[in-house]
Amino acid sequence: MTHTPARVTPHWLSLREPADARARSAELTAEVARHLEDAPRPLVIHDLGSGTGSMSRWLAPRLPGPQHWVLHDRDPDLLDVAAAQPPPRDADGVEISVETRQDDITRLGREDLRPASLITASALLDLLGIDELERLVRSCVQAECPALLTLSVTGRVRLTPPDAMDSVIRHAFNEHQRRTTEGRTLLGPVAGRAAVHLFRMTGWHVEVRASPWQLDRGSRELIAEWLTGWVAAACEQRHDLCPAASECLARRRADLARGRLSVAVQHVDLLARPHRSGR
């Protein structure tokens, strides 16, 4: 079954890009770079659910060149933004080449990802259902190249200072992340664990690292957007929470305005690769 996901705006992607960049695992990225040192050139990197291309802007300078990136996304507007950006440069300072493809990443097959030196995705897995994740893992395995899949939410959030409503909203939000919509039950915070299991079932080696957002007064606009969406999703899941959650949101906005609010949102990054290709 194909579906129409909630639209992600360029504004939201722009807001979160610096936090994403700080959060992703440098250790796994260094492992990828070592693996690709002897790979045929140019490196061909497929970015699934690429949005405006933030993954290429972050990762390309950390990998050897030359590189050719293929950005896959369903949203043509996001791909247009990505195509209009100046091309990132590789670790040697040389511009990478970029192409965009509008397609359904849950329907990609072996030929869609050939040739491939690396497959990447960011903040994607938790938006999938189990059937879609199984197809994505199968496509990566068929491509026979490493997959670096970053920033999958785990459901763990910590706000400082704490509020009595935090755990209630968190539980309702996580339920919303795992809701059933259009016949699909989303994986939400279990997506990372599910992906690790599926890759290991194929015989692949998987490494996992924490990649938390650590947001403080320097990320006020991002915190404000995230907080509004966090509470709104919780209320959509549990309408009875709306009065108390709205009061909590007002308190949190006051904390934010005074520079007192910090937020930690937990994610995981994973690097999956065939055993025979690892070092």
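Structure's up top.
Scope of this entry: the structure provided in the associated data block. This is a predicted model, so every value here is computed, not measured.

## Some remarks on the packing of helix 1 (residues 10-23) against helix 8 (residues 220-237)
A packed helix pair is summarised by two numbers, namely the angle formed by the two axes and the spacing between the axes.
Line of reasoning, step 1. Across the interface, helix 1 lies against helix 8 with an axial gap of 10 Å and an inter-helix angle of 120°. Classified by the interaxial angle, the pair formed by helix 1 and helix 8 is oblique. For helix 1 against helix 8, the interelement crossing comes out left-handed. Judged by residue contacts, His 11, Trp 12, Leu 15, Arg 16 and Ala 19 of helix 1 engage Glu 221, Leu 222, Glu 225 and Trp 226 from helix 8.
Line of reasoning, step 2. Among the residues making up the contact of helix 1 with helix 8, the classes are represented as five nonpolar, one polar and three charged.

## Details of the packing of aromatic side chains
Line of reasoning, step 1. Per the counting criterion, the structure on display carries three aromatic pairs.
Line of reasoning, step 2. Where Trp 226 meets Trp 230, the ring centres are 5.0 Å apart and the plane angle is 20°; that geometry is what we call stacked. Here Trp 226 pairs with Trp 230, and both are found in helix 8, just four residues apart, close to one helical turn. Across the pair, Trp 230 and Trp 226 agree in class, each one buried.

## Concerning the pattern of salt bridges
Line of reasoning, step 1. Taken as a whole, this structure holds 18 salt bridges when the rule is applied.
Line of reasoning, step 2. Close ionic contact of Arg 114 with Glu 111 constitutes a salt bridge, the shortest N to O distance being 3.7 Å.
Line of reasoning, step 3. Overall, Glu 111 belongs to the exposed group, its relative accessible area being 58%.
Line of reasoning, step 4. The closest approach of N and O atoms between Arg 251 and Asp 163, which form a salt bridge, is 2.9 Å. Taken together, the residues Arg 251 in helix 9 (residues 242-257) and Asp 163 in the loop between strand 5 (147-160) and helix 6 (166-177) connect sequence positions 88 residues apart.
Line of reasoning, step 5. The exposure class assigned to Asp 163 is buried, which follows from its relative accessible area of 17%.
Line of reasoning, step 6. One continuous salt-bridge network, built from bridges that share partners, spans Glu 27, Glu 31, Arg 34, Glu 207, Arg 209 and Arg 273.

## Considering the pairing of strand 1 (residues 43-48)
Line of reasoning, step 1. Counting buried positions along strand 1 gives six out of six residues, so the element sits mostly inside the fold.
Line of reasoning, step 2. Alternating residues of strand 1 divide into Leu 43, Ile 45 and Asp 47 and Val 44, His 46 and Leu 48, and every residue in both groups is buried.
Line of reasoning, step 3. Two strands pair when backbone bridges link them, and strand 1 and strand 2 (residues 67-73) are joined in this way by six bridges, in the parallel orientation. The residue of strand 2 that forms the bridge with Leu 48 is His 72.
Line of reasoning, step 4. Crossover connection from strand 1 via helix 3 (residues 54-59) to parallel strand 2: handedness right-handed.
Line of reasoning, step 5. Where strand 1 meets strand 4 (residues 118-122), four bridges bridge the pair, whose relative direction is parallel. Residue pairing across strands places Asp 47 opposite Thr 120, the latter belonging to strand 4.

Here is what the cut-offs are and how they apply
Residues numbered from 1 in each chain as written. Predicted model: local features only at pLDDT ≥ 70, side-chain atom pairs only at ≥ 80, totals over all residues. Heavy atoms only, no water. Axes fitted to C-alpha atoms, helices over the stretch in contact; angles between N-to-C directions. Helix = DSSP H or I, 4+ residues; strand = E, 2+ residues; numbered from the N terminus. Parallel < 35°, antiparallel > 145°, perpendicular 65-115°, else oblique. Left-handed = near helix turned anticlockwise from the far one by under 90°. Contact = heavy atoms within 4.5 Å. Nonpolar A, V, L, I, M, F, W, Y, C, P; charged D, E, K, R; others polar. Phe/Tyr/Trp six-rings, centres within 6.5 Å; stacked < 30°, edge-to-face > 60°. Buried < 20%, exposed > 50% of the residue type's maximum accessible area, 1.4 Å probe, protein only. Salt bridge = Lys/Arg side-chain N within 4 Å of Asp/Glu carboxyl O. Pairing = 2+ DSSP bridges. Right-handed = clockwise from strand over helix to strand, strands pointing away.

Structural measurements only, silent on function.
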